[in-house]
Amino acid sequence: MTRKPQKKRIVILGGGFSGVYAAIHLEKLLTRQSAVEICLVSRDNYFLFTPMLHEIAASDLEITNIVNPLRKLLRKVDVLVGDVNQIDLRNKRVLISRGCRKPLQKLDYDHLVIALGSTTNFYDLPGLAELAVPMKSLRDAIQLRGQILRYLEEANSEGDPAERQSSLSFVVAGGGFAGVETVAALNDFVREALPFYPNLSEEMLRVILVHSGPAILPELGESLGRYTEKVLSERGVEVRLNTRVKSVTEDKVLLTDGVSIPSRTLVWTAGTVPSPIVSSLHCAKERGRLLVNQFLGVPDWPNVWAVGDCAFVPDIRNPGKSHPPTAQHAIREGKVVAQNIAAVLSGRPLKLFSFRTIGLLASIGRRMGVARILGFNFSGFFAWWMWRTVYLSKLPGLDKKVRVAFDWTLDLLFPKDVCAVHDLDQHRDFRRPDHAGNTFGNNGDHEIGSAQLNWRECPGGIDLDGDNALECFLL
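Each value, and the rule that gives it
- Residues numbered from 1 in each chain as written.
- Predicted model: local features only at pLDDT ≥ 70, side-chain atom pairs only at ≥ 80, totals over all residues.
- Heavy atoms only, no water.
- Core = buried A, V, L, I, M, F, W, Y, C linked by side-chain atoms within 4.5 Å.
- Buried < 20%, exposed > 50% of the residue type's maximum accessible area, 1.4 Å probe, protein only.
- Helix = DSSP H or I, 4+ residues; strand = E, 2+ residues; numbered from the N terminus.
- Contact = heavy atoms within 4.5 Å.
- Polar contact = N/O pair within 3.5 Å; in protein donor to acceptor, adjacent residues only side chain to side chain.
- Pairing = 2+ DSSP bridges.
- Axes fitted to C-alpha atoms, helices over the stretch in contact; angles between N-to-C directions.
- Left-handed = near helix turned anticlockwise from the far one by under 90°.
- Nonpolar A, V, L, I, M, F, W, Y, C, P; charged D, E, K, R; others polar.
- Right-handed = clockwise from strand over helix to strand, strands pointing away.
- Parallel < 35°, antiparallel > 145°, perpendicular 65-115°, else oblique.
- Patch = residues over 30% accessible without salt bridge, like charges linked within 9 Å, V, L, I, M, F, W, Y side chains within 5 Å.
- Areas by Shrake-Rupley, 256 points an atom, 1.4 Å probe, with all protein chains shown as cover.
- Salt bridge = Lys/Arg side-chain N within 4 Å of Asp/Glu carboxyl O.
- Lys, Arg positive; Asp, Glu negative; His and termini not counted.
- Charge placed at Lys NZ, Arg CZ, Asp CG, Glu CD.

Draft legend 1. Up close: the nonpolar core. Counting 119 residues, the largest nonpolar core has Leu112 and Leu152 as its most contacted members. If one sorts the elements of this core by residue count, helix α7 (residues 177-193) sits on top with nine residues. Beyond its immediate sequence surroundings of up to four residues, Leu112 is in contact with Val11, Leu13, Ile87, Leu89, Val94, Asn303, Val304 and Trp305. Formed by 14 residues, the second largest nonpolar core is a distinct cluster that contains Phe122, Leu128, Val171 and Val253.

Structure follows, in structure tokens:
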């Protein structure tokens, strides 16, 4: 009997732009090769289109319209949902955590693509990690939207002016693309929501953007940065330059220039750091990112590749510099690394990675935008139209494109939705005593009217049974 040859396994770590697009192109390039299997490991079972994340926080788009199921995008790729626990380069093995109750899963590989992206960097500032809201994930956008609406509700019935002021003050730290787009969308959302709250007025509202540099949007140049600052200021946003956040408490944000801002909401977009898994690898690094060669391979480790935010990709046109960690670069890196893996498998020469930024765009609220395309500057309505057109074309899936376009059309006709149905910080506390002095507790009883309810904890919520049969409440 002849032994069947073992399939070569390509493992991709990370479900962001670079990882997903590497899987998409590998699927196309190797579709006829039955001796190769492709595996993608992702924390979530969906691909998040992050350029539209701020529109979720501002209630411009429905939550699921900017996410695509990975199993739908990648029909011939084995998708594993879990966290990368360890990468053993010497033994060509990855350990995957798929839940606290399950043992670590071992995943051997022949080719490894590290595309783990980056995480929020809080710089060990007091209170920041516990109290600030980052803008990196879908959960962050949902949390921010729920928190804004919760504080509007509290402020509407608050009698203490100081408490009301801290509830109605919103601080965004970071004057890059994420910070500017978030503060612009947040400002529009809150001001359009105020008419639904009779006890609130625009004079009570404060929206503040804090940036450490002399001008916001430094990637677009000083001219567009000053234009953006002017537009935001005219719409009621306070722009504070040349200062940073020093510390945060539950009702105050302290800046390095000594200014104290009474606020219960701080959105943090001022820093990222490569995934912690990257720091544990015994590979050459530059500024905390994995150093790769011009073919996107990791030196000294054959068949190990790195792309995206966690990789320091050298710019062969500008020696000593690297390509910026943007989505358009990550997409191209994913394509080139797929081509190079296919080339190794077939014995063909590798392809150099070289890409020049086509353009940069930012939405600054109320149908206004700024853009630099091929060295030319654009601003106003036309730049905003370009922003929507470009990103709508890049959004994967025809069904998602239609849904987003439909949401944008409805946004022109109707006011924003102010239902706080996804407030992640709010949860029911069944141990809290009620006004009559009765208390819910573990394995206890509670009497409601004439019905005696015996309840116990169950997976996903509380199981109540008694004279009145009640269903399991989801927490």
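Draft legend 2. Structural context of the side chain of Ser59. Within the element layout of this structure, Ser59 appears in the loop between α2 (53-57) and β4 (67-69). There is a polar contact of 3.1 Å between the side chain of Ser59 and the backbone oxygen of Asp417. Apart from residues no more than four positions distant in its own chain, Ser59 is found in contact with Arg145, Phe189 and Asp417.

Draft legend 3. How the structure looks around the sheet that holds strand β6 (residues 83-88). Here we have three strands laid out as an open sheet, ordered β6-β7-β8, and antiparallel in their pairing. This sheet does not close on itself; its edge strands, each paired only once, are β6 and β8 (105-108). Averaged over all pairs of adjacent strands, the angle between their axes in this sheet comes to 25 degrees, without regard to strand direction. Inspection of the sheet shows β6 paired to strand β7 (residues 93-97) by five bridges, in the antiparallel sense. In the sheet register, Asp88 faces β7, and the bridge partner there is Arg93.

Draft legend 4. Inspection of the packing of helix α1 (residues 17-29) against helix α10 (residues 327-346) at higher detail. Interaxial distance between α1 and α10 falls to 7 Å at its minimum, and their mutual angle equals 35 degrees. For the crossing formed where α1 meets α10, the hand is right-handed. Contacts between α1 and α10 involve Phe17, Ser18, Tyr21, Ala22, His25, Leu26 and Leu29 from the former and Ala327, Ala330, Ile331, Gly334, Lys335, Val337, Ala338, Gln339, Ile341 and Ala342 from the latter. A class-by-class count of the residues in the contact of α1 with α10 yields 12 nonpolar, four polar and one charged.

Draft legend 5. The arrangement of unusual backbone geometry in detail. The phi angle at Leu217 is positive, at roughly 50 degrees, despite the residue not being glycine. Note on placement: Leu217 falls in the loop between β13 (206-210) and α8 (222-234). Located in the positive-phi region is Leu296, a residue other than glycine, with phi close to 75 degrees. Assignment of secondary structure puts Leu296 in the loop between β21 (289-291) and β22 (304-306).

Draft legend 6. Up close: the pairing of strand β12 (residues 169-173). With five of five residues buried, β12 is to be regarded as a mostly interior element. Of the two faces of β12, the one carrying Ser169, Val171 and Ala173 and the one carrying Phe170 and Val172 are both buried. The pairing of β12 with β13 spans five bridges and is classified as parallel. By the bridge assignment, Val172 is partnered in β13 with Leu209. One crossover worth recording links β12 to the parallel β13 by way of α7, and it is right-handed. Sheet topology note: the β12/strand β18 (residues 265-268) ladder contains four bridges and is parallel. Bridge pairing links Val171 to Leu266 in β18.

Draft legend 7. Just the packing of helix α11 (residues 381-394) against helix α12 (residues 398-413), in detail. One can describe the packing of α11 onto α12 by two numbers: an axis separation of 9 Å at closest approach and a directional angle of 155 degrees. It follows that α11 is roughly antiparallel to α12 by the angle criterion. As for how α11 packs across α12, the hand of that crossing is right-handed. Residues Trp387, Arg388, Leu392 and Ser393 of α11 pack against Lys401, Val404, Ala405 and Trp408 of α12. For the contact of α11 with α12, the class distribution of residues is five nonpolar, one polar and two charged.

Draft legend 8. Broad picture of a negative patch on the surface. Together, Asp160, Glu163, Glu250 and Asp251 make up a region of like negative charge exposed at the surface. For Glu250, the location among the structural elements is in the loop between β15 (245-249) and β16 (252-255). Note on Glu250: relative accessible area 63%, which makes it exposed.

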